Structures are given as structure tokens and as C-alpha cells.
Amino acid sequence: MKLTKKQQTWKNLDTDKVYALADAIEALREYTSKKFDETLEIAIRLGIDVTKADQNIRGMLSLPNGTGKSVRVAVFTENSADEAKQAGADVVGGAELIDSVAAGNINFDRVIATPDMMPKMSKIARVLGPKGLMPNPKLGTVTNNVAEAVKTAKAGQIEYRAEKKGIIHAGIGKMSFATDKLVENAIALIDQLKKVKPASSKGQYILGISVATTQGPGLKVDAK
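Residues numbered from 1 in each chain as written. Predicted model: local features only at pLDDT ≥ 70, side-chain atom pairs only at ≥ 80, totals over all residues. Heavy atoms only, no water.

A.B. asks: Please explain the pairing of strand β10 (residues 218–221) as it appears in this structure.
C.D. replies: Within a regular beta strand, the side chains point alternately toward one face of the sheet and then the other, so they alternate between its two faces. Residues Leu 219 and Val 221 of β10 are buried on one face, while the alternating residues Gly 218 and Lys 220, pointing to the opposite face, are not. Bridge count between strand β1 (residues 18–19) and β10: two bridges; the pairing is parallel. Across the sheet, the residue bridging to Tyr 19 is Val 221, located in β10. Pairing geometry for strand β9 (residues 206–213) and β10, over four bridges, is antiparallel. Paired with Ile 209 across the bridge in β10 is Val 221. Linkage of β9 to β10, two consecutive antiparallel strands, is achieved through a turn of four residues. (Buried < 20%, exposed > 50% of the residue type's maximum accessible area, 1.4 Å probe, protein only. Helix = DSSP H or I, 4+ residues; strand = E, 2+ residues; numbered from the N terminus. Pairing = 2+ DSSP bridges.)

Have a look at this one:
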């Protein structure tokens, strides 16, 4: 079978091997783009059944070394606008911002809202929900302390969520980061997932781990 151009580029990389995490990152460095700073993506397959409510893992985590990504934060509030702006929010508003989003204007990556705004935001739930942007009290994105929430989002907080087959996907930093910094971020996520292991999940919990760059191949990582 004829190899694609990308497969030709990666043909000297052993994608069947199980690597130590740091070794996998180093191996991927040789295949990163010279045109832009790629993200290191991690996929962690968990021994859970996401169809069961108590095993549908979801949460937020501040990575120790951030993500290297610039995050645009929108805050929906009527009474804490100045506080949100001073904390670094990119978009701030109340009813007028809701109307703007309803009209299709979405120029942000994370949404924070004060509790009093949530009933009004039902108008745009179908717009924000499918994009994973709807504020959620369990994730700390519905809060009266908007300054702290904005600063945390800007500092490199990620959301983790179990997808089909119990797989967690997350970007854990840029390939310009030192390898030890990327390893620290990966371990922070793995440790967090261990902390939130559902009591009803039996047997082996972490079934597999792999890492890949934005445009690169995936490499298996020793889950131990």
C-alpha cells in the first residue's frame, strides 16, 4: 500500500512501541512543524462507562505550567463588569451580550457567568452548549467571584471530560515547552483523574495513554 506524504515523514518512527512519557515527547519533537508551535495532546482511556451518570467524569484543572495558549474569556454579568475587566476578561456584558451571542457572535474560548445571569442565559444554551461553553456551577464557571475565575482561566486551566468509550482528550502544553514541563502537566492531569475515579468503576482504571502533536502521529505511553 502506498504511504501518504505524512506517513513517509513518520516512517522511521516506531508507532507500535510503548514509550516512557518523556521519551515519547522527545521522539515527537523531530516531527513537529517548523511553521507553528504545535500543541501536545494527550488521550487517556479510562475503565468507565460514560452512560452511567456517576461515571461521566468532567472537571477543571489548572496545569502547573499552563497551556501556552491564549484564552479569550467572556463574562456574563450585570453587576461585576468592572471586576471582570480588571481581571483581564476579553468580553464582558449582560443582556446585550446574550443578544449578541444569540445572533451568532462568538469570539471567546471560555465563558464565566454570575449566578443571577443563568436564567437569562437559557436563551443561548443551545448555542453555547454544543460548543462546550455553557457555564456550569460544578466547573466553577458560575460564580460571584468572577475575578478569580477569569485569572484562573487565563493562567492555563483546562477542562477534562470523558468522551465516548471513556477517553479523555486534552491539550497539555506547547511543544516549545521543556519536556519536563510537559511531563509535569501530563502527570497533573493523570493524578487528577485518579482522584475523581468513580467508586462504581471496577477493575483497571487507566487502560491506556497516548500522546500526539497537533499534526503528528500518536505514540503509546506506559500507563504505569
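Further notes follow.
A.B. asks: Could you clarify how one ought to interpret helix α2 (residues 21–29) in this entry?
C.D. replies: Helical geometry: 3.6 residues make up each α-helical turn, so side chains three or four residues apart lie on a common side. Those residues of α2 that sit buried are Leu 21, Ala 24, Ile 25, Ala 27 and Leu 28. The arc that holds the buried residues of α2, viewed along the axis, is 160°, so those residues lie on one side. On its buried face, α2 is in contact with β1, β2 (39–46), α8 (179–195), β9 and β10. (Arc of directions from axis to C-beta. Contact = heavy atoms within 4.5 Å.)

A.B. asks: What am I meant to see in the sheet that holds β1 here?
C.D. replies: Strand pairing in a sheet is mediated by backbone hydrogen bonds. Such pairs are either parallel or antiparallel. The five strands are arranged β1-β10-β9-β2-β8 in an open sheet whose pairing can be described as mixed. Looking along the sheet, the strands with just one partner apiece sit at the ends: β1 and β8 (167–174). In this sheet, β9 lies alongside β2 in antiparallel orientation, the contact comprising seven bridges. Pairing of Ile 42 across the sheet is with Val 211, part of β9. Docked against the sheet, α8 engages β2, β8 and β9, running at close to 150° with respect to β8. (Axes fitted to C-alpha atoms, helices over the stretch in contact; angles between N-to-C directions.)

A.B. asks: Please explain the confidence of the model for the protein chain as it appears in this structure.
C.D. replies: Parts of the model with low pLDDT should not have their predicted coordinates read in detail. The share of residues in the protein chain with pLDDT of 70 or more is 95%, and the mean pLDDT across the chain is 91. When mean pLDDT is compared element by element in the protein chain, strand β4 (residues 73–76) scores highest at 97, while helix α1 (residues 5–10) scores lowest at 52. Contacts for the low-pLDDT stretch residues 1–8, under 50 throughout, to residues beyond four places or in other chains number three contacts. (pLDDT = per-residue confidence, 0-100.)

A.B. asks: It is not clear to me how the packing of aromatic side chains should be interpreted in this structure. Could you clarify?
C.D. replies: A ring pair, where both rings are aromatic, is described by two values, the distance of the centres and the angle of the planes. Taken as a whole and assessed by the stated rule, the structure comprises one aromatic pair. When the ring of Phe 76 is compared with that of Phe 108, the centres are 6.5 Å apart and the planes differ by 90°; the resulting orientation is edge-to-face. Of the two residues, Phe 76 is situated in strand β4 and Phe 108 in the loop between α4 (95–102) and β6 (110–113); the sequence distance between them amounts to 32 residues. The exposure classification of Phe 76 matches that of Phe 108, with both residues buried. (Phe/Tyr/Trp six-rings, centres within 6.5 Å; stacked < 30°, edge-to-face > 60°.)

A.B. asks: Mind showing me how you'd approach the nonpolar core here?
C.D. replies: If you look at soluble globular proteins, the nonpolar side chains tend to sit buried side by side. Core analysis: the biggest nonpolar cluster contains 36 residues, and Ile 42, Ile 44 and Leu 189 have the highest contact counts within it. Elements represented by at least two residues in this core include exactly α2, β2, β7 (157–161), β8, α8, β9 and β10. Leave out the neighbours within four places in its chain, and Ile 44 touches Gly 166, Ile 167, Ile 168, Leu 189, Ile 190, Leu 193, Ile 206, Gly 208 and Ile 209. (Core = buried A, V, L, I, M, F, W, Y, C linked by side-chain atoms within 4.5 Å.)

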